Structure formats: C-alpha cells, structure tokens
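Listed below are the residues making up each chain.
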Amino acid sequence: MIKFLDIQKITESFEPELSVAINRVVKRGWFLLGEEVSAFEKEYSDYIGTKHCIGVANGLDALRLILRAWIELGIMKEGDEVIVPANTFIASILAITDNRLKPVLVDPDVNTYNLDISLIEQHITPRTRAIMVVHLYGKACWTSQLEEIAIKYNLKIIEDNAQATGAQIQSEVPQTTHSTKHPSPATPKEKANTFFRTGSFGHAAGHSFYPGKNLGALGDGGAVTTDNDDLAKVIRAIANYGYSKKYICDYQGLNSRLDEIQAAVLRVKLPRLDTDNQRRREIANYYLENIEHPNIILPSMEGSKPKPPCTSVKSKDIITSQYPTLPLRLDHVWHLFVVRTNKREKLKQYLSDKGIQTLIHYPVPPHKQKAYNKWFQKKFPVTEKIHNQVLSLPISPLLEKNSIVKILCLINSF
Ligand SMILES: *Cc1c(COP(=O)(O)O)cnc(C)c1O
C-alpha cells in the first residue's frame, strides 16, 4: 500500500535529532514562551526574509490574528471586505468571518488553481480593505499587477502561506511592503536575479505547521511573518491574552502560542526543508513528463517545454539525473500534486484497488458549506469545476522511486 503521505516515515527520518530536541525541552521544564520559540522565530524569519516572526498555535490563528490586529490598529473594521479565492481551504475564510469581516469570493484561474488576479478589480468596493492571496497547493500567487492593484486602492495584502513554505519568486523588491531590509540591488540584471520567499511579499503572512504541511510539527503550530513593527507588536500581545506585559491587558486577546516542544521540533526540521522541497519538485517533474492519459489534465507548468510524445516508462531512466529535466520552478513547492479528470471517482477507486491512496483537496467549496449557507446561490463556475474534478496524487519527499513508477504505470494504463 502506498500512502498519500507517510508521516511516520518522515518523522523517523529526523531521528535521533528529534528525540534529542524534545528531551532537551522536557528536561528544561519550560514549555511556553521560552528560548526554543525565540530561537525558532529568529531562524524562521531569517529563512522567510522578514523582520518579524511570531509563533502562534496554528495556521488559522495566524490569519485570524493578522486581521484582528489590523482591526485593533484601526486599519479595518467590522463589515469591511476582504477579497479571497473561492476555491481555498476553509480556514482562509474562517479567519475573515471570525473577525466579522466580509469575504468577497473570487474565482481562480483554472490552470494555476490560484486567485485570478484579472478578476480582482471588478470586485473592489469602497469597503474593500485587503486581498488574501492563497499560495494553493504550494504554488506562489503573486504578480506585479496584484501589487499595482493593492497600491492603487490602498489595500493590505495578506498571504495565506500554509501550503507554500519555502516557495520562492524571482522579483524586484516587493513594492507593497516598502521593506528596508532587502537592499535594492544595483542593476536591473541583479534585480531580475533576486529571489524572495512567499510569506515576505505581502504586508503579513500566515503559516501553518500542521503535521501534513511541507514543514510539519508533531501537532498544531503556526506563525505570522511581517516587516511591520506595529503589527508584530499587536499580534504578539493579542496572541498572549492581550498582554502588553505580564498581567497588563491592553487588548481582549486570546491564548494562541506555539509551544516549546513544537518549536524545538521545527528547529530540527527547518534546515532540511529546501532539500525536501527539491525532492517534491523532482517527483512533480517526473509526473509531469510521464503521465499521458487522454482523460487526465496535469497541473499547468506555464513556461515549461511541451511534453514529449508518448514516452515508454520502462526505457526511461527515472530520476537518476541530479537535476529535473523540466525548468526548475522555485515558485512551486508541490505541497500537493493535483490532477483533474471527469472520471475522478473511477480513477480514485481504481488506484485504491491497486493499493495507491489518493485524496481530494477539496470535495466541497466554501460557498457550498452549511456554515456559509447564505452563499449557496452564488455561482463560481471555475471553483465548482475544480472541486468536481481534482484528485491529489501521493507526493512526499520520501516517496521511493519504485512507488513513483508504480503510480505512473497504473495511471497511464487506467
Ligand atoms: C492548513 C491550512 C490552513 C490552516 O492551518 P492550520 O494550522 O491547520 O490551522 C489555512 N489555509 C490553508 C490554505 C491551509 O492549507
């Protein structure tokens, strides 16, 4: 049986360092707001490329806290609108409605699965305050057009980076954040060669360390990254009962903290993240090059070379070269490898019968959920099409070569 994601195997591959780190915390006997969290916040903000990182309890809270802090800072208020992709994971939407803000759902681009940036402007009203971009399935959602819209309408950009930890975009210094810490490179050529991580582009970003994410803890965990000093300060306070200092309560806060054990675990796992993401890319490139089926649509890799005509699996040397044969796409960390097919249930059952576990991300879009039944009548044709057709294939950094070949052969003979 090939599991969708073998978390047990991934966890074991970090031993004995993981147990050493956990025992260090247990022996120290200090479990919250201690040196592991401080050290992880420093390491993670260095990795992402932001001035601040605040460890919080989970990814949903990271997003909730950013919006809540903007409300406390007077930047938005109850009833204001936040533009968000209609096909996102429900937590993006929950973070908005929990703050009594109004999500304005916008259909995605069917090829990238990400927010269709060309549709944003027609949804902007006098009450629009922010755009939430979701780097869905691990693919960065960012263009200069998006930045121009944010500047033109004075909107905040919040990144939901839960699925894209480690993704990079080649870009000039992001305009929206007016960051001082990324020195502007001297020449246009140097500029074009500068890479930035998702999570450092918008005004603030929410990160998730849910065990199944690319950087997973051994339980819940999350973080906010931002360059903004005021925002960071308010979030840190709200996440800790609203304290500005111990027992001095400035906000009606909550308790949302990353704990010391999870921080210690993440410190062990972070140094291998780029290697793991590269392995995901190699597997994705292999799927992209070799899956050939008239009923299956592969995730688009705009800019990549056209697929070669039908290739024989047996004769192909599978992932022996150190470098992927398709162009390296650093803007994608392949949290999920999502194909589309109008024979989804059949394909899922067929793969399951042959011992391959697949999942659906996601079977029901937010506007068809009971929790949001006032949106039932709304129409999001691209979102609905995606939700009816998507299937996620196994893609784990530790997926073995023979498993990948088996999956591919089975799919091609479906
Ligand atoms: C996982 C996820 C979240 C929520 O993160 P949790 O840590 O599970 O709360 C938010 N948005 C997206 C897109 C996610 O995939």
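A brief structural summary. Quick caveat, the model's predicted, so the values are computed rather than measured. Per chain, residues are indexed from 1 in the order of the written sequence. Given that this is a predicted model, residues contribute local features only at a pLDDT of at least 70 and side-chain atom pairs are listed and counted only at 80 or more, while totals for whole chains, interfaces and linings are drawn from all residues. The side-chain values count all of the structure's non-hydrogen atoms but skip hydrogen atoms and water molecules.

Side note on the overall build of the protein chain
Thinking step 1. When helices and strands are tallied, the protein chain shows 13 helices and 13 strands.
Thinking step 2. Counting every position in the protein chain, which comprises 414 residues, the buried fraction comes to 57%.
Thinking step 3. Only heavy atoms matter for contacts: two residues are in contact if any of them lie within 4.5 Å across the pair. Sequence separation of at least 24 residues holds for 75% of the intrachain contacts in the protein chain that already meet a minimum separation of 6.
Thinking step 4. A total accessible area of about 18,400 Å² is found for the protein chain, and carbon and sulfur atoms account for 53% of it. By the criteria applied, helices consist of DSSP H or I runs no shorter than four residues and strands consist of E runs no shorter than two, each listed in order from the N terminus. Partly exposed residues are those whose accessible area sits between 20% and 50% of the maximum for their type, while under 20% is buried and over 50% is exposed, using a 1.4 Å probe and protein chains only. Per-residue accessibility takes into account occlusion by the displayed protein chains alone, with areas from the Shrake-Rupley method and a 1.4 Å probe.

Comments concerning the sheet that holds strand 1 (residues 52-56)
Thinking step 1. Read from one edge to the other, the open sheet built from 7 strands follows the order 1-9-8-5-4-2-3, with strand pairing classed as mixed. Looking along the sheet, the strands with just one partner apiece sit at the ends: strand 1 and strand 3 (102-106). Put simply, the sheet's adjacent strands are angled 20° from each other on average, direction ignored.
Thinking step 2. Relative to strand 8 (residues 204-208), helix 4 (residues 59-72) is tilted by about 160°, and along the sheet it contacts strand 1, strand 2 (81-85), strand 4 (128-134), strand 5 (156-160), strand 8 and strand 9 (222-226). A pair of strands is considered paired only if DSSP assigns at least 2 bridges between the two. To obtain each axis, a line is fitted to C-alpha atoms, and for helices this fit is confined to the stretch in contact; angles are then taken between N-to-C directions over 0 to 180 degrees.

Side note on the side chain of R68
Thinking step 1. In this structure, R68 sits in helix 4.
Thinking step 2. The exposure class of R68 is buried, given its relative accessible area of 17%.
Thinking step 3. Under this definition, polar contacts are N or O atom pairs within 3.5 Å; protein pairs additionally need one hydrogen-donor-capable and one acceptor-capable atom, and for neighbouring residues in sequence, both atoms have to be side-chain atoms. Engagement of the side chain of R68 in a polar contact is seen with the backbone oxygen of Q252, the distance being 2.8 Å.
Thinking step 4. Apart from the residues within four sequence positions on either side, R68 is in contact with N99, I238, Q252 and L254.

Some words on the packing of aromatic side chains
Thinking step 1. Only rings of Phe, Tyr and Trp enter the pairing, Trp through its six-membered ring, and a pair is recorded when the two centres are within 6.5 Å. The plane angle decides the type: under 30 degrees is stacked, over 60 is edge-to-face, the rest tilted. Under the counting rule described, the total for this entry stands at 14 aromatic pairs.
Thinking step 2. With a centroid separation of 6.1 Å and an interplanar angle of 70°, the aromatic rings of Y243 and Y247 are classed as edge-to-face.
Thinking step 3. Measuring from ring centre to ring centre gives 4.8 Å for Y287 and F337, while their planes differ by 55°; the resulting arrangement is tilted. Taken as a pair, Y287 in helix 10 (residues 273-290) and F337 in strand 12 (residues 337-340) lie far apart in primary sequence, 50 residues in all.
Thinking step 4. In this structure F337 comes out as buried when scored by relative accessible area, which is 0%.
Thinking step 5. Feature note: the residues F40, Y44, Y47 and F209 constitute an aromatic cluster, connected by ring pairs.

As for a nonpolar patch on the surface
Thinking step 1. A contiguous nonpolar patch, built from V26, F31, L32 and L33 and spanning about 350 Å² of accessible area, is present on the exposed surface.
Thinking step 2. Looking at the element boundaries, F31 is found in the loop between helix 2 (17-28) and helix 3 (35-48). To count toward a patch, a residue needs a relative accessible area over 30% and no salt bridge; like charges are then connected within 9 Å, while nonpolar side chains (Val, Leu, Ile, Met, Phe, Trp, Tyr) are connected within 5 Å. Here a salt bridge means any side-chain nitrogen of Lys or Arg lying within 4 Å of a carboxyl oxygen belonging to Asp or Glu.

Notes on the environment of H293
Thinking step 1. Relative to the elements of secondary structure, H293 occurs in the loop between helix 10 and strand 12.
Thinking step 2. Along the primary structure H293 and F414 are separated by 121 residues, whereas in three dimensions their C-alpha atoms are 8.0 Å apart.
Thinking step 3. The contact partners of H293, leaving out residues within four places of it in the chain, are I411, N412 and F414.
Thinking step 4. Within polar-contact distance, the side chain of H293 engages the backbone oxygen of F414 at 2.6 Å.

A short note on the environment of I149
Thinking step 1. Position of I149 among the secondary structure elements: in helix 6 (residues 144-152).
Thinking step 2. Through-space distance from the C-alpha of I149 to that of E121 is 7.2 Å; in sequence the pair is 28 residues apart.
Thinking step 3. The contacts of I149, once residues within four sequence positions are left out, are I117, I120, E121, I124 and I131.

Brief notes about the site of the ligand
Thinking step 1. For this purpose, a residue is taken to be near a molecule or strand whenever a single non-hydrogen atom of the residue falls within 4 Å of it. What surrounds the ligand is the set N58, G59, L60, F89, A91, V134, D160, A162, Q163, S208 and K213.
Thinking step 2. Contact distances for the ligand include 2.7 Å between an oxygen atom and a backbone N or O atom of G59.
Thinking step 3. In this structure, an oxygen atom belonging to the ligand sits 3.1 Å away from a side-chain N or O atom of K213.

Some words on unusual backbone geometry
Thinking step 1. Here the bond from E15 into P16 is cis, since omega is 5°, no more than 30 degrees from zero.
Thinking step 2. Mapped onto the fold, P16 is located in the loop between helix 1 (7-12) and helix 2.
Thinking step 3. In this structure, the amide linkage connecting H361 to the following residue, Y362, adopts the cis form with an omega of 10°.
Thinking step 4. Within the secondary structure, Y362 is located in the loop between helix 11 (344-353) and helix 12 (381-389).
Thinking step 5. Notably, Y241 is not glycine yet its phi reads approximately 65°, a positive angle.
Thinking step 6. Mapped onto the secondary structure, Y241 falls in the loop between helix 8 (229-238) and strand 10 (243-245).
Thinking step 7. Unlike most non-glycine residues, W334 shows phi in positive territory, near 50°.
Thinking step 8. Mapped onto the elements, W334 comes out in the loop between helix 10 and strand 12.
Thinking step 9. Here W334 falls in the buried class, since its relative accessible area comes to 2%.

Observations regarding the packing of helix 2 against helix 9 (residues 260-269)
Thinking step 1. Following both chains from N to C, one finds helix 2 and helix 9 inclined at 150°, their axes separated by 9 Å at the closest point. Put simply, helix 2 runs roughly antiparallel to helix 9. Crossing of helix 2 over helix 9 shows right-handed handedness. Contacts between helix 2 and helix 9 involve E17, L18, A21, I22, R24, V25, V26 and R28 from the first element and E260, I261, A264, V265, R267, V268 and K269 from the second. Just so you know how the angles are binned, under 35 degrees is roughly parallel, over 145 roughly antiparallel, 65 to 115 roughly perpendicular, and the rest oblique. For a crossing to be left-handed, the near helix must be turned anticlockwise from the far one by less than a right angle; the clockwise case is right-handed.

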